[in-house]
Amino acid sequence: MNDASPASAPQGRPVLDVWCELQCPDCRTALDDVRALRARYGDRIDLRLRHFPLEKHKHAFAGAQAAEEAFEQGQGWPYVEAVLGRVEELSRKGEPFLVEVAGELGLDAEEFDTALVDGRHILIVDADQAEGKAIGVTGTPTYVIDGERLDGGKSQDGLRERVEEIADRLLGS
């Protein structure tokens, strides 16, 4: 799994799309599964963050844009994990927190601030959200692998095992 954004997925590898939003407590719970999948498959599958900000979380759309900026700066997954690990702080502090985390990770925090102001990543977030709605994503986290949608918003139980079963089949393991 690389640190590329969804637009630059390599061809020929199974793709696991993780529909997520950075203010979602359920997505934070799913972090252990995502880490385990990244560790198990490495670069044999392409794990892609897909944005599905929910209206009930007022900083989720900004979080999605910030995540895109982190991917652009080469630290997408570390940034996503850092923000998800502190969902309550994002809820409390909002956009300044997104910039703060970028600085903590050694990213160009000033560029994050600018990206949130100029909206350079809005089209990516909007496109992800529209695609998610079109394929039936209704909440986060939702996993899609080999055309199968697995809804993690209701329960994480058994999801990682199901993803691994499908990935192993696709990889001929």
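Everything quoted here is computed from the prediction, not taken from an experiment. The numbering scheme is per chain: residues are counted from 1 as the chain's sequence reads. Since the coordinates come from a predicted model, pLDDT governs what is reported: local features require at least 70, and pairs of side-chain atoms require 80 or more to be given and counted, while whole-chain, interface and lining totals use all residues. Here the side-chain values reflect all heavy atoms present in the structure, with hydrogen atoms and water set aside.

Trainee: What is the right way to look at the environment of Gly-172 in this model?
Mentor: The secondary structure listing takes helices from DSSP runs of H or I that are at least 4 residues long and strands from runs of E that are at least 2 residues long, numbered from the N terminus. Looking at the element boundaries, Gly-172 is found in the segment after α8 (159–171). Each C-alpha atom of the pair Gly-172 and Ala-127 lies 32 Å from the other, and the pair is 45 residues apart in sequence.

Trainee: Any chance you could explain the packing of helix α2 (residues 60–72) against helix α3 (residues 76–84) here in plain terms?
Mentor: The relative placement of two packed helices comes down to the angle between their axes together with the axis-to-axis distance. As a packed pair, α2 and α3 sit with axes 7 Å apart at the nearest point and diverge in direction by 145°. Contacts between α2 and α3 pair Ala-66, Ala-67, Ala-70 and Phe-71 from the former with Gly-76, Trp-77, Tyr-79 and Val-80 from the latter. Among the residues making up the contact of α2 with α3, the classes are represented as 7 nonpolar, 1 polar and no charged. Every angle, taken between N-to-C directions, lies between 0 and 180 degrees, and every axis is a line fitted to C-alpha atoms, over only the stretch in contact when it is a helix. Should any heavy atoms of two residues lie within 4.5 Å, those residues are considered in contact. Residues are sorted three ways: Asp, Glu, Lys and Arg are charged, Ala, Val, Leu, Ile, Met, Phe, Trp, Tyr, Cys and Pro are nonpolar, and all the rest, Gly among them, are polar.

Trainee: What exactly am I supposed to notice about the sheet that holds strand β3 (residues 142–145) here?
Mentor: Strand pairing in a sheet is mediated by backbone hydrogen bonds. Such pairs are either parallel or antiparallel. We call two strands paired when DSSP finds no fewer than two bridges between them. Judged by pairing direction, the sheet is mixed, and its 4 strands sit side by side in the order β2-β1-β3-β4 without closing on themselves. In the strand order of this sheet, the two ends are held by β2 (46–51) and β4 (148–151), each with one partner. Within this sheet the neighbouring strands show an average axis-to-axis angle of 20°, counted without direction. Pairing between β3 and β4: 4 bridges, direction antiparallel. Paired with Val-144 across the two strands is Arg-149, which belongs to β4.

Trainee: Looking at this structure, how should I read helix α7 (residues 122–134)?
Mentor: Residues spaced three or four apart along an α-helix face the same direction, because each turn holds 3.6 residues. Its 13 residues place the ends of α7 18 Å apart at the C-alpha level, agreeing with the 18 Å of an ideal helix rising 1.5 Å per residue. Here's how the labels work: a residue is buried when its accessible area is under 20% of the maximum for its type, exposed when over 50%, partly exposed in between, all with a 1.4 Å probe on protein chains only. Of all the residues in α7, the buried ones are Val-125, Asp-128, Gln-129 and Gly-132. For α7, the angular spread of buried residues about the axis comes to 95°, placing them on one side. Along α7, exposed side chains directed more than 90 degrees from the buried face belong to Leu-123 and Ala-134. If you follow the buried residues of α7, they end up packed against β1 (15–20), β2 and α2. Just downstream of α7 lies Gly-136, where phi reads positive at about 100°. The length a helix should cover is 1.5 Å for every residue beyond the first. This arc describes the spread of directions from the helix axis toward the C-beta atoms.

Trainee: Looking at this structure, I do not really get the environment of Gln-65. What am I missing?
Mentor: Tracing the backbone shows Gln-65 in helix α2. Along the backbone, Gln-65 and Ala-115 are 50 residues apart, and their C-alpha atoms lie at a distance of 7.7 Å. Those residues in contact with Gln-65 that sit more than four places away from it in its chain are Ala-115, Leu-116, Gly-119, His-121, Ile-122 and Val-125.

Trainee: For this particular structure, what's the right way to read empty space enclosed by the protein?
Mentor: Think of a ball as big as a water molecule: rolled over the atoms, this probe shows where empty space is left. In the cavity and pocket records, a cavity denotes points on a 1 Å grid over the protein atoms alone where a 1.4 Å probe fits but cannot get out, a pocket denotes an open set with protein on both sides within 12 Å along at least 5 of 7 lines, and lining residues are residues with an atom within 4 Å of a point. Grid points are joined across faces, edges and corners, and a volume is the space filled by probe spheres set on the points. Evaluation of the coordinates by the stated rule reveals 1 cavity of 30 Å³ or more. Put simply, the largest cavity is a space of about 60 Å³. In terms of lining, the largest cavity is formed by Val-18, Cys-20, Cys-27, Ala-30, Leu-31, Val-34, Leu-49, Trp-77, Val-80, Leu-84 and Pro-141. With 4 residues, helix α1 (residues 25–41) is the single largest residue contributor to the lining of the largest cavity.

Trainee: Explanation requested: the pattern of salt bridges in the structure shown.
Mentor: When the charged atoms of two side chains lie near each other, side chains of opposite charge can form a pair. Only one rule defines a salt bridge in this text: a Lys or Arg side-chain nitrogen within 4 Å of an Asp or Glu carboxyl oxygen. Evaluated as defined, the whole model comprises 24 salt bridges. Residues Arg-35 and Asp-32 are paired through a salt bridge, measuring 3.2 Å at the closest nitrogen-oxygen approach. Residue Arg-35 and its partner Asp-32 are located together in helix α1, separated by 3 residues, close to a single helical turn. Taking the relative accessible area as the measure of exposure, Arg-35 reaches 36% and is therefore partly exposed. As a salt-bridge pair, Glu-164 and Arg-40 come within 3.0 Å of each other at their nearest N and O atoms. Placement of Glu-164 in helix α8 and of Arg-40 in helix α1 is noted, with a sequence separation of 124 residues between them.

These figures come from the coordinates and say nothing about function on their own.
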